[in-house]
Amino acid sequence: MPLATGRSYLAIPGPSVSPERVLNAMHRTAPNIYEGELVDMTRALIPDLKRVAQTDQHVAIYIANGHGAWEAANANMFSRGDRALLAATGRFGHGWAEGLTRMGVTVDIIDFGKAAPADPERIADALRADTDHAIRAVLVTHVDTASSARNDIPAIRAAIDSTGHPALLAVDAIASLGCDELRMDDWGVDVIVGASQKGLMLPPGLGFIWFSDKALEASQATDLVTPYWDWKPRGTGTEFWQYFGGTAPTHHLYGLREALTMILDEEGLEQVWARHRQLARTVWAAFDAWSGKDSGIALNMADPAARGWSVTAARIPNGGAGALRRWLETEAGVTLGIGLGMALPSEPAYQDFLRVGHMGHVNAHMTLGVLATMEAGMQALGIAHGPGALDAAAGALVGD
Ligand SMILES: *Cc1c(COP(=O)(O)O)cnc(C)c1O
């Protein structure tokens, strides 16, 4: 009997669940974009936007999704014919590289595979080999949303510094911003790429770039940038009209204001990170139990220290992941993420992977609810699984 009627839950790694408060803040007629409330609100919003990335430097807002923000970062950092070094730990690293290559930048990819974090030493080796300093920037995803690998950004910074190489460090934090601990200035990150529809709990539509003084300086001499993508007026301009390269994303800004108030002023950023970490541990505990009895169920990332806190990629063999996803959606009102980049959609193995999104406006009962419906689905479908997952999840939820 289908039991899906009721409030559904989209537990994919973005777009994430938007709080009613955020949606309601957006539900209004268009405001004046020349003066008054919107202009004042946006000016006050910029410092909060910097706080969410833990920086005192610069932020530029774009009407764009993550791909647009990637392209904006590329356009400001590089000239045609430049070189970049990219550490890939899953599909999203490769996606960033593909766009950059099409823009005329030569990308040296160090591929760490689909189930391991980047090794900072190999990045340092590549920089040491670049004796004439042709590499402009090192690019890395903080959390790769396909593999759920989490990279150690401070260790990568330290590795870069150990070589004396002047390359910028650019981090795709689209899946980690507002979920995982992220400290731009303390960690020495030059460029952070973000988007609105993940940890920031908004609908898709805004892309963000936080950039350092060093990145700003380097961008004075690059030639790929076109007027719309130029981060200089957006990030360092003093007039409201400079922030958006055209009409402001009016409604998204009201939603963003509400979301930042919830994150920074009400819950607190450190607590937001701690909540994501605890909910992630809860999900991992369930999978560890399911992996028992030779079920073949496994988390994609073996090392807990290399797992993102906002998304969990896992394997359920023999097409179990695909079958479970379908069951959850039609019978239980829960939608899980597809296994992205682990196998081609045409390959049978594609149905062996899924992802659980636990990013943004997510709490204990939502996470336990997903895990309990997964357990029910495994029972209904006869998917072999180890016992005790819900017990383990409850224990992880209340443990420290
Ligand atoms: C979602 C995501 C992207 C792509 O963002 P879009 O808004 O879908 O273009 C890029 N990188 C990471 C790490 C992501 O999680």
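Values in this document were obtained by computation on a predicted structure and should not be read as measured data.

Strands sit in the order S1-S11-S12-S10-S9 across an open sheet of 5 strands; the sheet is mixed. Sheet topology places strand S1 (9–11) and strand S9 (298–299) at the edges, where each strand pairs with a single neighbour. The strands touched by helix H12 (residues 320–332) are strand S11 (334–338) and strand S12 (353–357); relative to S11, the strand with the most contacts, the crossing angle is about 155°.

Now for the pairing of strand S8 (residues 206–211). Burial of S8 is extensive: 6 of the 6 residues sit out of reach of the surface. Examined bridge by bridge, strand S2 (residues 58–63) and S8 share 6 bridges and lie antiparallel to one another. Following the sheet pairing, Ala60 is matched in S8 by Ile209. As paired elements, strand S7 (residues 191–195) and S8 share 5 bridges and run antiparallel to each other. Following the sheet pairing, Val193 is matched in S8 by Ile209.

Right, let's get into helix H5 (residues 120–129). Turning to H5, its buried residues number three or more, namely Pro120, Ile123, Ala124 and Leu127. Looking straight down H5, one finds that the buried residues subtend no more than 100° of arc, so they occupy a single side. Those residues of H5 that are buried lie in contact with strand S3 (83–88), strand S4 (106–111), strand S5 (135–141) and helix H6 (153–163).

For the rest of this paragraph, the subject is the pairing of S4. Across 6 bridges, S3 lies against S4 in parallel orientation. Bridging across to S4, Leu86 finds its partner in Ile109. On the question of chirality, the crossover connecting S3 to the parallel S4 by way of helix H4 (residues 91–102) is right-handed.

The next subject is unusual backbone geometry. Note the cis peptide between Gly14 and Pro15, where omega equals 0°. Tracing the sequence through the fold places Pro15 in the loop between S1 and helix H1 (20–26). Phi at His133 takes a positive value of approximately 55°, unusual for a residue other than glycine. With respect to the helices, strands and loops of the structure, His133 is situated in the loop between H5 and S5. For Ser148, which is not glycine, the phi torsion reads 65° and is therefore positive. Relative to the helices and strands, Ser148 is located in the loop between S5 and H6.

This part covers the pattern of salt bridges. Side-chain pairs of opposite charge can arise where the charged atoms are in close proximity. One pass over the full model with this rule turns up 19 salt bridges. Across the pair Asp48 and Arg257 runs a salt bridge whose closest N-O atoms are separated by 2.8 Å. On the criterion of sequence distance, the pair formed by Asp48 in helix H2 (residues 37–52) and Arg257 in helix H10 (residues 250–267) is long-range, its members being 209 residues apart. Each of the two residues, Asp48 as well as Arg257, counts as buried. As a salt-bridge pair, Asp190 and Arg157 come within 3.4 Å of each other at their nearest N and O atoms.

With that settled, the discussion passes to the packing of helix H11 (residues 269–290) against helix H13 (residues 364–381). At a closest axis distance of 9 Å, the pairing of H11 and H13 adopts a crossing angle of 15°. Our classification of the angle between H11 and H13 gives roughly parallel. Note that H11 runs across H13; the crossing there is right-handed. In this structure, H11 uses Leu279, Thr282, Val283, Ala286, Phe287 and Trp290 to contact H13, whose residues at the interface are Ala364, Thr367, Leu368, Leu371, Met374, Glu375 and Met378. Broken down by class, the residue content of the contact of H11 with H13 amounts to 10 nonpolar, 2 polar and 1 charged.

All right, on to the site of the ligand then. Contacts to the ligand come from Asn65, Gly66, His67, Trp70, Phe92, Val143, Thr145, Asp172, Ile174, Ala175, Gln197 and Lys198. One of the side-chain nitrogen or oxygen atoms of His67 is found 2.5 Å away from an oxygen atom of the ligand. Protein contacts shield 90% of the accessible area of the ligand, which totals 380 Å² for the unbound molecule. Take the shell around the ligand: its biggest share by element is 3 residues, from helix H3 (residues 66–77). Here the residues of the shell around the ligand are counted per class, giving 5 nonpolar, 5 polar and 2 charged.

The next subject is the domain arrangement of the protein. Size of an interface: often given as the accessible area lost when the parts come together. Domains assigned within the protein are domain 1 (9–16 + 268–398) and domain 2 (31–266). Here the C-alpha centroids of domain 1 and domain 2 sit 28 Å apart. Carbon and sulfur atoms supply 59% of the area that domain 1 and domain 2 bury against each other, a total of about 2500 Å² over both sides. Along the contact surface separating domain 1 from domain 2 lie 1 salt bridge. A salt bridge links Arg183 to Glu270; the shortest N-O distance between them is 3.2 Å. At the boundary of domain 1 with domain 2, the tally comes to 18 residue pairs in polar contact (both at pLDDT 80 or more).

What follows concerns helix H14 (residues 389–398). Regarding H14, the residues found buried are Ala389, Ala393 and Ala396. Take H14 and look down its axis: the buried residues cluster within an arc of 65°, on one side only. Facing away from the buried side of H14 by over 90 degrees, the exposed positions are Asp391 and Val398. Check the buried side of H14 and you find it contacts H11 and H13.

About the cut-offs
Residues numbered from 1 in each chain as written. Predicted model: local features only at pLDDT ≥ 70, side-chain atom pairs only at ≥ 80, totals over all residues. Heavy atoms only, no water. Pairing = 2+ DSSP bridges. Helix = DSSP H or I, 4+ residues; strand = E, 2+ residues; numbered from the N terminus. Contact = heavy atoms within 4.5 Å. Axes fitted to C-alpha atoms, helices over the stretch in contact; angles between N-to-C directions. Buried < 20%, exposed > 50% of the residue type's maximum accessible area, 1.4 Å probe, protein only. Arc of directions from axis to C-beta. Right-handed = clockwise from strand over helix to strand, strands pointing away. Salt bridge = Lys/Arg side-chain N within 4 Å of Asp/Glu carboxyl O. Parallel < 35°, antiparallel > 145°, perpendicular 65-115°, else oblique. Left-handed = near helix turned anticlockwise from the far one by under 90°. Nonpolar A, V, L, I, M, F, W, Y, C, P; charged D, E, K, R; others polar. Near = heavy atom within 4 Å. Polar contact = N/O pair within 3.5 Å; in protein donor to acceptor, adjacent residues only side chain to side chain. Areas by Shrake-Rupley, 256 points an atom, 1.4 Å probe, with all protein chains shown as cover. Domains from an automatic or database assignment. Buried area = accessible area lost by both parts, 1.4 Å probe.

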